[in-house]
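# A structural walkthrough
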Amino acid sequence: MKKTTVFVCQNCGFQTPRWLGQCPSCRSWGTLVEEVMVSKKLGKEKQRTATPFRLSELKPDVKIRTKTGFDELNRVLGGGIVKGSLILIGGDPGIGKSTMIMQVGSYLASKGETVLYVSAEESAEQLKLRAERLGFATDNFFVLPETELESILESTEKLNPSLLVIDSIQTIYKSILSSAPGSVGQVRECAADLLRLAKEKGVATFVIGHVTKFGAIAGPKTLEHMVDTVLYFEGERFQQYRILRTTKNRFGSTNEIGIFEMTEHGLVEVANPSQFFLAGRGEAISGSVVVSTLQGSRPVLVEVQALATPTFYSIPQRVCTGFDFRRLSMLLCIIERRGGIQTGNQDVFLNVVGGLRIEEPAADLAIVMAIASSIRNKPIAQDTVVVGEVGLGGEVRSVGQITNRIKEAARIGFRRLVMPNQKVDGKTKVIELLSCRSVKEALEFTIV
Ligand code: TYD
Ligand code: MG
């Protein structure tokens, strides 16, 4: 087999031996990416051995998932790290990616698994200092300060670890390619080789990647298609909490989130997110409503804050954080037409406290009530949680998992739940359920 490199147009597939700014075939600019070409010598065809088999004959490997030591991470991964899977973890620099993976590695090392941490960004001394400060088990934890992929692959095959960590994909390179580390061609070729290794040897691999300022993991989007799981670690740099999300998972759901806190002893998981998001809630003020929102499989209580003031401009301002802007415009119309509260002359600011993003329509009613409460300048009782989807007719529609939401509200100590008129099994006495059919009714219950 002979290996050469060619430049391939990502738009039309045109191939050329040297780099060109513009593709001569489809005339698009900057689309040529270097790839490795393997040309097999002509000769006797190798006997193919793969034969089809019945799915029923396949015995599932029962112990394929390994726990990571963080319940939050296990849940996001769908129950633990799957053997032979390739997991991409992205996030802004300094958010805590290396810290998290080192903590996972040290947990596995303490359980007797071999871990290989390829550090192309930090020196071995830096890693050692961090490991000592955080009190990591370091016996089965191997460190390899290397940037050349071929040598990384060789060391991995020799050591045969159960977990391989590449920190980061943008700093390693394949020597056959002439392009610089971090370029589209390098990132993709390196990832393809790591994927092959992970599948062939059954090594679970974490690949750390940086996020560009546009929010995508630097390098090609195709990287996300190649790996099994894509995790994003996000949060405000100057705040303590971090949220781990998954945008793709071949072995689990993608709606789960994991919440962590960065402390001086490394990352600590937040097991009780409702309490975490409601911490720091002050006295009852107008425009503040607690909503019960589903984050993956669990209900989380979050505070929604709205502030409305009469506008000084001809077009009122609308700013929202953590919620869909167009849905906000729709809800403002519903408040005006179905709730009888004028919104067209108000500047409206809406914020989901704690950096969470609410995607669920089940938060509609809470947002309507927060805005109405702010316009009327009347607070909503502090012991009230609100949930319900709002239709264009101003009707309040039913939501999923109502029983779980009620349980969570009762657990945190709330007394009332404003909710759609829907069936609930297993009522609790602790919490009063106020079911309402329309926005108007809900507003009458709480704001007069
Ligand atoms: P790091 O894991 O190096 O981030 P990334 O790999 O995503 O770039 O985390 C670096 C930040 O985390 C740094 O600002 C310091 C902070 N940190 C703590 O607050 N506590 C700790 O125990 C550790 C290890 C880091
Ligand atoms: Mg790092």
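The numbers attached to residues start from 1 for each chain and follow its sequence in the written order. All chains are assigned letters beginning at A, and all ligands numbers beginning at 1, according to the order in which they are written. Confidence filtering applies because this is a predicted model: local features only for residues at pLDDT of at least 70, side-chain atom pairs given and counted only at 80 or more, and all residues used for totals across whole chains, interfaces and linings. The side-chain values count all of the structure's non-hydrogen atoms but skip hydrogen atoms and water molecules.

Turning our attention to the site of ligand 1. In the vicinity of ligand 1 lie 16 residues, with Gly94, Lys97, Ser98, Thr99 and Thr263 positioned nearest. Nitrogen and oxygen atoms within 3.5 Å of one another constitute a polar contact, given that in protein one can donate a hydrogen and the other can accept it, and given that sequence-neighbouring residues count only through two side-chain atoms. In this structure, a nitrogen atom belonging to ligand 1 sits 2.8 Å away from a main-chain N or O atom of Thr263. Computed with the Shrake-Rupley method and a 1.4 Å probe, the accessible areas treat only the protein chains shown as cover for residues. Here ligand 1 has 560 Å² of accessible area as a free molecule, and 73% of this is covered by the chains. When the residues that make up the shell around ligand 1 are grouped by side-chain class, the tally is four nonpolar, seven polar and five charged. For each residue, the test is whether any non-hydrogen atom lies within 4 Å of the molecule or strand; if one does, the residue is near. Residue polarity follows a fixed list, in which Ala, Val, Leu, Ile, Met, Phe, Trp, Tyr, Cys and Pro are nonpolar, Asp, Glu, Lys and Arg are charged, and the others, Gly among them, are polar.

Pairing is mixed in the open sheet, where nine strands are placed in the order 8-7-9-10-6-11-12-13-14. Two strands in the sheet have a free side with no partner beyond their single neighbour: strand 8 (141–144) and strand 14 (266–269). Pairwise comparison of adjacent strand axes, ignoring direction, gives a mean angle of 25° for this sheet. Across four bridges, the pairing between strand 13 (residues 257–263) and strand 14 is antiparallel. Note that in strand 14 the partner of Phe260 across the bridge is Glu269. We treat two strands as partners when DSSP finds at least two bridges between them. Here a helix means four or more residues in a row that DSSP labels H or I, a strand means two or more in a row labelled E, and each is numbered from the N terminus. For every element, the axis is a line fit to its C-alpha atoms; helices are fit only across the contacting stretch, and the angle between N-to-C directions ranges from 0 to 180 degrees.

Attention shifts here to the pattern of salt bridges. Salt bridge, as applied in this entry: a Lys or Arg side-chain nitrogen positioned within 4 Å of an Asp or Glu carboxyl oxygen. Within the structure shown, the criterion is met by 20 salt bridges. Among the salt bridges present, the one from Lys158 reaches Glu154, with a minimum N-O distance of 4.0 Å. Remark: Glu154 and Lys158 occur in helix 4 (residues 149–159); sequence separation between them is four residues, near one turn of the helix. Exposure is judged per residue with a 1.4 Å probe applied to protein chains only, and the accessible area is read against the type maximum: over 50% gives exposed, under 20% gives buried, and values in between give partly exposed. On the accessibility criterion, Lys158 (69% relative accessible area) is exposed. Residues joined by salt bridges that share partners form a network here, namely Glu72, Arg75, Glu256 and Arg298.

Interface extent is often summarised as the accessible area lost during association of the parts. Domain start and stop positions are those given by an automatic or database domain assignment. The assigned domain composition of the chain is domain 1 (2–39), domain 2 (64–270) and domain 3 (276–446). A C-alpha centroid distance of 30 Å is found between domain 1 and domain 2. Each side of the interface is counted separately: domain 1 has nine residues, and domain 2 has nine residues. Both sides together, the interface formed by domain 1 and domain 2 hides about 700 Å², and carbon and sulfur atoms give 54% of it. We call two residues in contact when some of their heavy atoms are within 4.5 Å. Put simply, buried area is the surface a 1.4 Å probe can reach on two separate parts but cannot reach once they are joined, added for both.

With that out of the way, let us pick up the sheet that holds strand 17 (residues 318–321). Ordered in space as 17-18-16-15-19-22-23, the seven strands form an open sheet in which the pairing is mixed. Of all strands in the sheet, those with a lone pairing partner are strand 17 and strand 23 (432–436), marking the two edges. The mean inter-strand angle of the sheet, taken between neighbouring strand axes irrespective of direction, is 25°. As defined by bridge partners, strand 17 adjoins strand 18 (residues 346–352) across four bridges and the pair is classed as parallel. What sits directly across from Arg318, in strand 18, is Val348. Sitting on the sheet, helix 8 (residues 325–338) is in contact with strand 17 and strand 18, with an inclination near 125° to strand 17.

This part takes up the packing of aromatic side chains. For any two aromatic rings, the description comes down to two numbers: the centre-to-centre distance and the angle of the planes. What counts as a ring pair is set by centres within 6.5 Å for rings of Phe, Tyr and Trp (its six-membered ring), and what kind of pair is set by the plane angle: stacked under 30 degrees, edge-to-face over 60, tilted for all other angles. According to the stated counting rule, one finds five aromatic pairs in the structure shown. Centre to centre, the rings of Phe233 and Phe260 are 5.9 Å apart; their planes meet at 80°, and the pair counts as edge-to-face. Placement of the pair is Phe233 in strand 11 (residues 229–234) and Phe260 in strand 13, with a sequence separation of 27 residues. Of the two residues, Phe233 and Phe260, both sit in the buried class. Feature note: the residues Phe70, Phe233 and Phe260 constitute an aromatic cluster, connected by ring pairs.

Surface patches are defined over residues having more than 30% relative accessible area and no salt bridge, joining like charges when they lie within 9 Å and nonpolar side chains (Val, Leu, Ile, Met, Phe, Trp, Tyr) when within 5 Å. A cluster of nonpolar residues, Phe53, Leu55 and Leu58, forms a patch on the protein surface that exposes about 370 Å² of accessible area. Along the polypeptide, Leu58 turns up in the loop between strand 3 (32–39) and strand 4 (65–66).

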